[in-house]
Amino acid sequence: MAGTASGRGRRSRGRKPTRPTPEDVTKVEESKVRKAVAAAAIGNTMEWFDFGVFSYLTVVISQVFFPSNSPTAQLLSTFATFAVAFLVRPLGGFFFGPLGDRIGRRKVLAITMITMAVGTFAIGLIPSYASIGIGAPVLLLVARLVQGFSTGGEYGGATTFVSEYAPDRRRGFMASWLEFGTLTGYSLGAAVVTVLTITLSQPDMVSWGWRIPFLLGGPLGLIGLYLRFRLEETPAFEQEGSRAEDDRGANRRNSYREIFVTCWRPLLVCVGLVLVFNVTNYTLTAYMPTYLTVVLGFSHPQSLVLIMTVMILVIGLVVALGRHSDRVGRLPVIGFGSGALIVLAVPAFLLMSTGTWWAVLLGVLVLGLVLVCFSSTLPSTIPALFRTSVRYGGVSIGYNLSVALFGGTAPLISEALIGATGSRIAPAFVLVVAGAVGIVAVLFARESARRALPGSSPSATTDAEARKTARDQRRDQDGPDA
């Protein structure tokens, strides 16, 4: 890997650590950083293309794969299938995360990419309930489990990969492109479904039109696989890999113990931060299309267009706020978003419950703007919670435990709350609780902006950036009052 990699200031017994200099900073070529960001982001695009398609096709999928005795039962069954895939994600995190810490981030990310694509493509080939009966929802569940298992290693690997490549002073900006890929994938999936819904009749959509977006997942996966095979391993992992083979063997045996015993505090902080992020995320992206159609009575095309409009409006803010977090810090942005969720969730749903299109657009836009506070900062925040030897595993396990328990179940809980209470604003209270958890997590987190990742040397792409990074490290070493 290009550049010099020395250290984080060597300690001598009884002496203060040496003052960091530009020579202590690892320099990585800018072109390699950009390739790493692009290859990692394509995985998020692929994952969220599927989520966008599945969310926008929830009503259609319920009609294709489940008996038509009760529309409510159909929707709950579909949301349950959606949620079950999230419940298997921790298994993927447990498997792929520590594996990525042992054999490398690049190899594991290639595996997760192709597995996700296979799962998505397979859904487009499954016969309907009318054709094969109970076998249809069973096969749908299997395909969703394959997707869930593979995505269990995808997001943790992507955030780790980009964070370990990104220069310290621009990590927030670089990592935010992952969520730009997320919103792009979701919007692309939503756009494909919207076009099909408008151009095809309802019988054609239910008969064969719904398959097209899922079948497109195959080519997208091949593109992502090609990009990932062209990458080199991250500088941080190569530094870690220079240890003796015996040490690596001991680390392999003890990686789970390190994550759950030594790193229990950052693991809990990771779960809390991911909770507020993904409850907001899945409420907006996975549940809102159905909420607008089933609860508020909008037509399916109207609902799709409203959500897609908001996604397009906020997509550019993700990287802008990611860049801003490099200056003001990650925690102030996350804390502001958590507080805004507590204050604005109920008013947003009250607006939407009026049923007018402009009020619905404004309410959804409020939730979209709050979501950007998390999507712009979390990809650079959670990898910085863990040191290099357990980073992939720690992020994957913490992220997927939180997503499985709280994120993927948010649509199911929201739908069940509305059914139990009859209140159109019931989902808002789920968001309020998530915001409170986010505030607590921020209080226990450590600011990571402009700091080297734990266990890694400082990083930069140019000599000028290396000088500024060394200065940041000296300021951090001296303390805030220096």
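Identification of the protein chain as MFS transporter from Saccharopolyspora endophytica is taken from an unreviewed UniProt entry. The UniProt entry for the protein chain carries the following comment under Subcellular location (unreviewed entry): "Cell membrane". Entered under Sequence similarities (unreviewed entry) in the UniProt record, the comment concerning the protein chain runs "Belongs to the major facilitator superfamily. Metabolite:H+ Symporter (MHS) family (TC 2.A.1.6) family."

Participant: Tell me about the overall build of the protein chain, and name the residues and values.
Facilitator: If you tally the helices and strands in the protein chain, you get 22 helices and 2 strands. For 482 residues, the compact-globule estimate of 2.2 N^0.38 gives 23 Å, and the C-alpha radius of gyration of the protein chain, at 22 Å, lies within 12% of that figure. In terms of principal-axis extent, the alpha carbons of the protein chain reach across some 75 × 45 × 40 Å. Put simply, the protein chain has 482 residues, and 59% of those count as buried. In the protein chain, once contacts between residues fewer than 6 apart in sequence are set aside, the share between residues at least 24 apart is 85%. Total accessible area computed for the protein chain in this model is approximately 18,400 Å², and 65% of it derives from carbon and sulfur atoms. The average position of the 43 basic charges and that of the 29 acidic charges among the side chains of the protein chain differ by 3 Å.

Participant: So what's going on with the environment of Gly 393? Which residues, and what values?
Facilitator: Within the secondary structure layout, Gly 393 lies in helix H19 (residues 391–407). Other than its neighbours up to four places away in sequence, Gly 393 contacts Gly 97, Pro 98, Asp 101 and Ile 259.

Participant: Give a detailed account of the side chain of Thr 194, specifying residues and quantitative values.
Facilitator: Position of Thr 194 among the secondary structure elements: in helix H8 (residues 171–199). With a relative accessible area of 5%, Thr 194 lands in the buried category.

Participant: Give me the lowdown on the nonpolar core, citing residues and values where you can.
Facilitator: With 103 residues, the main nonpolar core has Leu 57, Phe 65, Met 288, Tyr 291, Phe 349 and Ile 382 as its most contacted residues. Looking at which element gives the most residues to this core, the answer is helix H14 (residues 264–295), with 17 residues. Ignoring sequence-local partners within four residues, the contact set of Met 288 consists of Thr 283, Ile 307, Phe 349, Met 352 and Val 364.

Participant: How would you summarise the state of the cysteines if you had to cite specific residues and measurements?
Facilitator: Scanning the model with the defined rule gives 0 disulfides in all. No disulfide involves Cys 263; its nearest neighbouring cysteine sulfur is the one of Cys 270, lying 11 Å away.

Participant: Lay out the packing of aromatic side chains in plain terms, naming residues and giving numbers.
Facilitator: Taken as a whole, this structure holds 15 aromatic pairs when the rule is applied. Arranged with centres 5.7 Å apart and planes meeting at 15°, the rings of Phe 94 and Phe 260 form a pair that is stacked. Residue Phe 94 is found in helix H4 (residues 89–103), and its partner Phe 260 is found in helix H13 (residues 245–262); the two are separated by 166 residues along the sequence. Seen from their ring centres, Tyr 287 and Tyr 291 are 5.8 Å apart, and the 50° between their planes marks the pair as tilted. Linking Tyr 287 with Tyr 291, this pair stays in helix H14, spanning 4 residues, or about one helical turn.

Participant: Tell me about helix H21 (residues 426–444), residues and numbers included.
Facilitator: The set of residues buried in H21 consists of Ala 426, Pro 427, Ala 428, Val 430, Leu 431, Ala 434, Gly 435, Gly 438, Ala 441 and Val 442. Where the residues of H21 are buried, they touch H14, helix H16 (330–353), helix H17 (357–375) and helix H20 (410–421).

Participant: Describe in detail a nonpolar patch on the surface, supporting the description with residues and values.
Facilitator: Side chains of Ile 342, Val 343, Leu 344, Ile 439, Val 440, Leu 443 and Phe 444 sit close together on the surface and give an oily, nonpolar patch of about 620 Å² of accessible area. For the nonpolar patch, the element with the highest residue contribution is H21, accounting for 4 residues. If you trace the backbone, Ile 342 turns up in helix H16. With relative accessibility at 33%, the residue Ile 342 sits in the partly exposed group.

Participant: Describe the pattern of salt bridges, and please don't skip the residues or the numbers.
Facilitator: Applying the stated criterion across every chain yields a total of 16 salt bridges. In this structure, Arg 105 and Asp 101 form a salt bridge, with 2.9 Å as the shortest nitrogen-oxygen distance. Here Arg 105 matches Asp 101 in class, with each residue buried. Among the salt bridges present, the one from Glu 465 reaches Arg 170, with a minimum N-O distance of 2.9 Å. Placement of the pair is Glu 465 in helix H22 (residues 463–478) and Arg 170 in the loop between helix H7 (135–165) and H8, with a sequence separation of 295 residues. A network of salt bridges, in which partner residues are shared, links Glu 30, Arg 34, Arg 170 and Glu 465.

What counts and how
- Residues numbered from 1 in each chain as written.
- Predicted model: local features only at pLDDT ≥ 70, side-chain atom pairs only at ≥ 80, totals over all residues.
- Heavy atoms only, no water.
- UniProt positions renumbered as here; feature names shortened; annotations may be inferred.
- Helix = DSSP H or I, 4+ residues; strand = E, 2+ residues; numbered from the N terminus.
- Rg over C-alpha atoms; globule rule 2.2 N^0.38 Å.
- Buried < 20%, exposed > 50% of the residue type's maximum accessible area, 1.4 Å probe, protein only.
- Contact = heavy atoms within 4.5 Å.
- Areas by Shrake-Rupley, 256 points an atom, 1.4 Å probe, with all protein chains shown as cover.
- Lys, Arg positive; Asp, Glu negative; His and termini not counted.
- Charge placed at Lys NZ, Arg CZ, Asp CG, Glu CD.
- Core = buried A, V, L, I, M, F, W, Y, C linked by side-chain atoms within 4.5 Å.
- Disulfide = S-S within 2.5 Å.
- Phe/Tyr/Trp six-rings, centres within 6.5 Å; stacked < 30°, edge-to-face > 60°.
- Patch = residues over 30% accessible without salt bridge, like charges linked within 9 Å, V, L, I, M, F, W, Y side chains within 5 Å.
- Salt bridge = Lys/Arg side-chain N within 4 Å of Asp/Glu carboxyl O.

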